[in-house]
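# Summary of the model geometry
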Amino acid sequence: MEATDPEINAIDLREEGNKLFKVGEYEAALSRYTKAIRICSNRTEVAVLHRNRAACYLKLENYSDAEADATKAIGVDGGDVKALFRRSQALEKLERLDEAIVDLRRCVVLEPKNKTFQEALRSLGVRVQQQVQRMSSTDSRVEQMFQILLDQEEKDMEKKQKAAQNLIVLARDDTGAERIFQSDGVKLLLRMLDTGKTDMMLAALRTLVGLSSAHQSRTMAILSMVGMDRLSTVMGVKDEQVSLAACNLLQVMFDALKENNQKEFRGMEEAIVLDPSKELKSMIFHLLEMLVQKNISGQGRDNAFNLLIKVVPRKSLRDSNNSLTLWVIDNGLKKILEVGGSVMEIPGCLPVTENSRMSASVLLNKLFDDLKCDAERDNFHKLCEDYVRNLFEGQDLDGKLRAIQTVSCLLQGASDAGNRTLELSGIMESILALCSSDREVDQMIAVEALIHAAGKAKRASFITANGVTLLKDIYKRNENDSIRIRALVGLCKLGSAGGTDFSMKQFAEGSTLKLAKQCRKWLCNEEIKASTRRWAVEGLAYLTFDADVKEEFVEDKAAMKAMFELAKSEDKTVLFAVASTLVNCTNSYDKEELDPQMLELAKYAKQHIPEEHPKDKKDFVVTRIRKLLAAGVVSALTCMVRNESPALTDSCRELISRVFLALVTEPDDRGNVVAQGGGKALIPLALESTTVGKTKAAQALAKITITSNPEIAFPGERIYEVVRPLVSLLHLDRTGLQNFEGLMALTNLAGISERLRQKIIKEKALPMIEGYMFEEHDMIRLAATECMCNMAMSKEVQELFLAEGTDRLKLMVLYSGEDDEKLRRAASGALAMLTSLMPELCKRIPQVSVHWLEILQTLLLSENVELQHRGAVVVLNMMSADQEVAGKLMESEMLEILSVLAKEEEDKKKQPVSRAAKECLAKAVEYGLIQPNRNENLL
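Just so it is clear, the structure is predicted and the values come from calculations on it, not from any experiment. (Residues numbered from 1 in each chain as written. Predicted model: local features only at pLDDT ≥ 70, side-chain atom pairs only at ≥ 80, totals over all residues. Heavy atoms only, no water.)

### Topic: helix H33 (residues 633-642)
A turn of α-helix holds 3.6 residues, and therefore any two residues three or four places apart point the same way. We count it as follows: Categorising residues by exposure relies on relative accessible area from a 1.4 Å probe, with only protein chains included: less than 20% of the type maximum marks a residue as buried, more than 50% marks it as exposed, and the intermediate range marks it as partly exposed. The way it works is that DSSP assigns letters per residue, a run of H or I at least four long becomes a helix, a run of E at least two long becomes a strand, and they are numbered from the N terminus. In this analysis, two residues are considered to be in contact whenever any of their non-hydrogen atoms come within 4.5 Å of each other.
In terms of burial, H33 is a largely internal element, seven of the ten residues being buried. Those residues of H33 lying buried are Val633, Val634, Ala636, Leu637, Thr638, Met640 and Val641. On the buried face of H33, the contacting elements are helix H29 (557-567), helix H30 (575-585), helix H32 (618-631), helix H34 (650-663), helix H35 (667-675) and helix H36 (678-687).

### Some thoughts on the pattern of salt bridges
For the record, the criterion: We count a salt bridge whenever a side-chain nitrogen from Lys or Arg sits within 4 Å of a carboxyl oxygen from Asp or Glu.
The final tally for this structure, using the stated rule, is 45 salt bridges. For Lys764, the salt bridge identified is with Glu27, shortest N-O distance 2.4 Å. Taken together, the residues Lys764 in the loop between helix H42 (754-762) and helix H43 (766-772) and Glu27 in helix H2 (residues 26-39) connect sequence positions 737 residues apart. The partner of Arg825 in a salt bridge is Glu866, and the shortest N-O contact between them spans 4.0 Å. With Arg825 in helix H47 (residues 821-837) and Glu866 in helix H50 (residues 865-881), this residue pair connects regions lying 41 residues apart in the sequence. Look at Arg825 and you get partly exposed, because its relative accessible area is 24%. For Glu866, a relative accessible area of 35% gives the class partly exposed.

### Looking at the environment of Gln738
The residue Gln738 is located in helix H41 (residues 736-750) in this model. When the C-alpha positions of Gln738 and Ser728 are compared, they lie 9.4 Å apart, and in sequence the two are ten residues distant. With residues near it in sequence (within four places) discarded, Gln738 still touches Thr695, Gln699 and Leu729.

### Quick notes on H30
Among the eleven residues in H30, ten count as buried, and that is most of the element. Taken residue by residue, H30 has Leu575, Ala577, Val578, Ala579, Ser580, Thr581, Leu582, Val583, Asn584 and Cys585 as its buried positions. Of the surrounding elements, those touching the buried residues of H30 are helix H27 (530-543), helix H28 (547-555), H29, H32, H33 and H34. A positive phi of about 55 degrees marks Asn587, the residue just after H30.

### Things to note about the packing of aromatic side chains
Applicable threshold: Geometry of aromatic contacts follows a simple scheme: Phe, Tyr and Trp rings, the Trp one being its six-membered ring, pair when their centres are within 6.5 Å, and the pair is stacked under 30 degrees between planes, edge-to-face over 60, tilted otherwise. Either the NZ atom of lysine or the CZ atom of arginine qualifies as a charge over a ring when it sits within 6 Å of the ring centre and within 35 degrees of the ring normal.
Going through the model one piece at a time under the given rule, you end up with three aromatic pairs. Between Phe85 and Phe117 the ring centres are 5.1 Å apart and the planes differ by 45 degrees, which places this aromatic pair in the tilted class. With a gap of 32 residues between them, Phe85 in helix H5 (residues 81-93) and Phe117 in helix H7 (residues 115-150) connect regions that are remote in the sequence. Residue Phe85 shares its accessibility class with Phe117, and that shared class is buried. The lysine or arginine in question, Lys400, covers the ring of Phe392, its NZ or CZ lying 5.2 Å from the ring centre. Across from the ring centre of Tyr720, 3.9 Å away, lies the NZ or CZ of Arg755, which sits over that ring.

### Describing the nonpolar core
The line we're drawing: Each nonpolar core is a collection of buried residues, namely Ala, Val, Leu, Ile, Met, Phe, Trp, Tyr and Cys, held together in the definition by side-chain atoms within 4.5 Å.
With 272 residues, the main nonpolar core has Phe380, Ile656, Phe660, Leu663 and Leu889 as its most contacted residues. It is helix H14 (residues 240-257) that provides the largest number of residues to this core, a total of ten residues. The residues contacting Phe380, other than those within four sequence positions of it, are Ile329, Leu333, Leu364, Leu367, Phe368, Leu371, Ala414 and Ala417. Counting 17 residues, the second largest nonpolar core, distinct from the first, contains Leu30, Tyr33, Ile37 and Ala66.

Structure representation (structure tokens):
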């Protein structure tokens, strides 16, 4: 019976996959096997494909899918020993040792003489015995610890603390966590929670974190036993430590429930896949309810916001499912707006903090950004407008005040929705009217709204015409500092409406400098509350678009110190303003390069052309950066990054990344940044931010890695965290400079240790490094070749050069003969190393290029001693590896060249070259290819 066309194609795809697998291209092999599975109808062939794909998943460390594919292959042929062995390997990695040993025993029964199976079974048997012993001893330890903790007569507090710590540590180990869970540990932990004692509650919550971490089924069971009502109550207590610990537990539970690779628990017949969607919605519903409960502490409400911000919106826009966001908008948007519009001075309002309102703005922004289409955005707008309109159209003034506060909240978050609500009938007029109110709370909220409303140039012009006089009057006549400083910030924002354009100024010459001077004065006045002084930073964030203001600010050491102290304080609402001010001072914002032709056309058409301030030129910027560094800017930035507040938004992280990149632009400043903890702070910024922010942070890490010792800049395990951000710089959508710096930094890391090289391989950087070796840009091609040279120290990379059907070795040989001396040095260095470590390659060099001999001779005749030495080492390796290759070398002019080099031993610089040449000649004598010249004592 003849095979059908799809089956023939499937076989071809399988063969392609097999070849790719052999050369280490596991992702590509996986793709071929998957395509073959889709089109193949032959049951036996499909089983083989699943078995092969399981091998790919094992190499890619995707053990759940490896087990699933191997199981499908075994379902067709229960005696498929390869599939059984692969499933046992996957199960072992998944810590399901009892199931893994069953598969291994079957392998040994089927192939009793297979030493690999026997050794694997022996090794796994030892692990199972150790696990049994550990579990039996763990049971008694768990029981003992709970007895100590729950014994009311036990007065030894040190003993109780030790038992609590041991319980937490035990729960972090999966085996220990399972024993605690199986020993009715959750019920005992609930008793600890109910004691109301801080240390007992903390121990219980932290132990529950260990039980829930990355384990979906246990998390669902714990949620069922503990209940979200209880967890919400605990998170809402006034004790900040307990509230934060409960928040951390809920975060871990969310992570476990939202895990994409859901754990499967195999029964006798089939797998049971858990569906946690009901639990997820229940948890989010309780968090939304917490927002508007008056008995919840400010810390608890802020923690609820923090969790909603982290778990509701999609992590990536590539994920098409935003149903959770839509559900929250339908069921919780009004609750979020109620917090955002709360005014503490109005009776009956929620007891919120400044951080709560900022968190509400951040969540609104996240929800709005997660919407996919106009219909979803229109629904969001309608809900916001209806809510504000209902408040505003009420009879009392308090309703109008709450409506304006809600508009302010929206303008700081979902600004599109805020602008829509601002255009509702009567809102803008009421804001201006309330600025003249007799009540201080009315003035404060109205001025704040005015500040946020002046975001657009068109509206800024309207407010300049209608509100500047009003703001000046409030600033001069009002006796309340909180209101005066807000009025000052309003004037600052209006005065900076022209941005960095030197020719576009709203106010008269010198006005912005006067405003900035007053802001600095307020900022340095420690008698004023920090929550009021942070408005001075808001003002500077606007005014520092002006280069004159920047220059005066960096000269004022007291003002810089005061701002940095605020950045380290508990008031997180100041973070964005501090970051914005620093971005302006370091000129790390994006600058549009003007096309010269378009510039001429604009001049001809008499259109406005932005002008750069003379003090925004490079020399001034470098000087400002040095002054900021001397004032301790890095210390402030590292404190800002460590914040877990919702105020540290992705946009705020991007601003901080921009500042860091500016700080490390000059090589001489990088050591200072590293010494103050900048290297450590950059790693989280490179992993969590906007796309631009992550790239900027990664580029800053690259600059540090290039010029500093990476082991000092990133001590301990931190050096391995740097690899992923650096690899991200190799993506094709990055600039050439970012590609180059990423390659240079990876070159330095690859030269340090095998573990780092393995980490680079694991991050899938090799194909990208190879791709850049073909780059037209000389510097990028050189950096990629140097990086590959260091990567070639890894056994896995060496084997890639042996693979059939690739041009890796040919490229290195050809690059060793290029005109670019640096490129020749990198390529010949890689050749010298590869031929030393893998003699098999020596035989293949004559096969990859007809110019191989000419290239080697050119290396040996180079004026560069380093190139000579590398060429001599390659020739020596080739002669040592194969007599036939040695014969070809000695038949050419190589003999004469080596003879000359061997005599140059008196020149100290050339002694290594001379020694290698002598060894080549000695090997030729050994093979009988030449006769020893005893007179010249070459041997």
